[in-house]
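Remarks on the overall topology
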Amino acid sequence: MSRRGWVLFVALAVIWGVPYLLIKVAVADFSPVTVVFLRCAIGAALLLPWTLARGRLGPALRAHWRALLLFTVLEMTGPWLLLSWAETELSSSLTGLLVAGVPFVAALTARLAGEEERLSPVRVVGMLVGVVGIAVLLGLDVGGAQLGPLLAVALVVVGYATAPMVISRRLSDVPGVTASAFALVVTALVYAPFAVPRLGAAAAVPADAWTAVVLLGTVCTAAALALFFALIREAGPQRALVITFVNPAVAVGLGVLLLDEPFTLGLAVGLPLVLLGCVLATRRSPAPVPAAEVAAARPA
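What counts, and at which threshold
- Residues numbered from 1 in each chain as written.
- Predicted model: local features only at pLDDT ≥ 70, side-chain atom pairs only at ≥ 80, totals over all residues.
- Heavy atoms only, no water.
- Helix = DSSP H or I, 4+ residues; strand = E, 2+ residues; numbered from the N terminus.
- Buried < 20%, exposed > 50% of the residue type's maximum accessible area, 1.4 Å probe, protein only.
- Contact = heavy atoms within 4.5 Å.
- Areas by Shrake-Rupley, 256 points an atom, 1.4 Å probe, with all protein chains shown as cover.
- pLDDT = per-residue confidence, 0-100.
- Core = buried A, V, L, I, M, F, W, Y, C linked by side-chain atoms within 4.5 Å.
- Phe/Tyr/Trp six-rings, centres within 6.5 Å; stacked < 30°, edge-to-face > 60°.
- Polar contact = N/O pair within 3.5 Å; in protein donor to acceptor, adjacent residues only side chain to side chain.
- Axes fitted to C-alpha atoms, helices over the stretch in contact; angles between N-to-C directions.
- Left-handed = near helix turned anticlockwise from the far one by under 90°.
- Nonpolar A, V, L, I, M, F, W, Y, C, P; charged D, E, K, R; others polar.
- Bend = angle between axes of the 7 residues up to and from the residue.

Examining the overall build of the protein chain
The number of helices and strands found in the protein chain is 15 helices and zero strands. Each of the 300 residues in the protein chain was classed as buried or not, and the buried ones make up 51%. Partitioning the contacts of the protein chain with sequence separation of at least 6, the portion at a separation of at least 24 is 91%. Accessible surface computed for the protein chain: about 12,900 Å², of which carbon and sulfur atoms make up 71%.

Concerning the confidence of the model for the protein chain
Put simply, the protein chain has an average pLDDT of 79, and 79% of its residues get 70 or more. With pLDDT under 50 throughout, residues 287-300 is counted as low confidence; its partners more than four residues away or in other chains account for 29 contacts.

Notes on the nonpolar core
In terms of nonpolar packing, the biggest core is built from 72 residues, with Trp16, Phe71, Trp80 and Leu184 touching the most fellow members. Ranked by residue count, the leading element in this core is helix 11 (residues 207-235), at 14 residues. Leaving out residues up to four positions away in the same chain, tryptophan 80 has contacts with Val36, Arg39, Cys40, Glu75, Tyr160, Leu184, Thr221 and Leu225.

Things to note about the packing of aromatic side chains
The tally for this structure, following the rule as stated, stands at two aromatic pairs. Taken together, a centroid distance of 5.4 Å and an interplanar angle of 65° make the contact between tryptophan 6 and phenylalanine 9 edge-to-face. In this pair, tryptophan 6 and phenylalanine 9 both sit in helix 1 (residues 3-15), three residues apart, roughly one turn of the helix. Judged by centre distance (5.1 Å) and plane angle (85°), the ring pair of phenylalanine 30 and tryptophan 210 falls under edge-to-face.

Brief notes about the side chain of threonine 77
Mapped onto the elements of the fold, threonine 77 is located in helix 4 (residues 57-77). Exposure remark for threonine 77: the relative accessible area of 11% places this residue in the buried category. Of note is the side chain of threonine 77, whose polar atom sits 2.9 Å from the side chain of threonine 187. Excluding its chain neighbours within four sequence positions, the residues that come into contact with threonine 77 are Thr72, Thr187, Val190 and Tyr191.

Here we look at the side chain of serine 84
Position of serine 84 relative to the elements: it lies in helix 5 (residues 79-86). Aside from chain neighbours lying at most four places away, what touches serine 84 is Ile23, Val27, Pro32, Val35 and Val36.

Examining the packing of helix 2 (residues 19-26) against helix 11
Their axes nearest at 8 Å, the elements helix 2 and helix 11 cross at an angle of 145°. The interaxial crossing formed by helix 2 with helix 11 has left-handed handedness. Residues Pro19, Leu22, Ile23, Val25 and Ala26 of helix 2 form the contact with helix 11, whose own contacting residues are Asp208, Ala209, Ala212, Val213, Leu215, Leu216 and Cys220. Partitioned by chemical class, the residues of the contact of helix 2 with helix 11 number 11 nonpolar, no polar and one charged.

Observations regarding helix 11
The principal kink in helix 11, of about 40°, is found at alanine 224. Residue glycine 236 follows helix 11 closely and has a positive phi angle near 95°.

Right, dumping it as structure tokens:
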């Protein structure tokens, strides 16, 4: 990747390394549907004025409303509710580990659709090293986990893996903030009838849950989505998704630095493997870059 791509990658690795923890904190006091509604409403309040001020929403809707709706369902409306519900049963670490399967599903679907460049042996090895590193880092502990939450996370993985293909194939000329603002507004409206009646009891919710929701909406949603679109256009949709290898590692690292969690042997061995896997999995292949990836690299 380019230097700009790596800067975006590292920034998102940090920002998206904390949502699993924040969701876990939030769903302890808010219902999953309320968490998703508040997250989207806060994010939309930040991104929609910017989009409307530049007059970009109307043209995007007229030309691409179907693709925008499809992206919304795959990236937010479905996955965010499923993820919040799953974390009422699963640990944030295990959830992050399961979501790390996104690059594999993305690579498979891209190959089936003829979108992605040839997966070189180096990139395949990089993905395998990344998954092994996460397994060492967090431990593959699914004992006692219910099938429902695991299936919910599996659907999240499918959504996250296919949404960037919609961006690269059908929304390459739509600014990232515009698409994000639309998706946030639609998702908030979908869940508003179920979440708003429950906000009456919000006064009794502790401050840490509110703080988690606000951070989810501002930093992990509004800011992160703008950066994510920039990364997709800079590095391509499949390489951008390799960030899911780093997110669980960042989450554990923040626990060590900020919460005085122990620095274990798993951390010492797993974290370097994760970083090495990311470097290898994002290496460019010598094969020509397909037209879809060239389109996806257009600046916002």
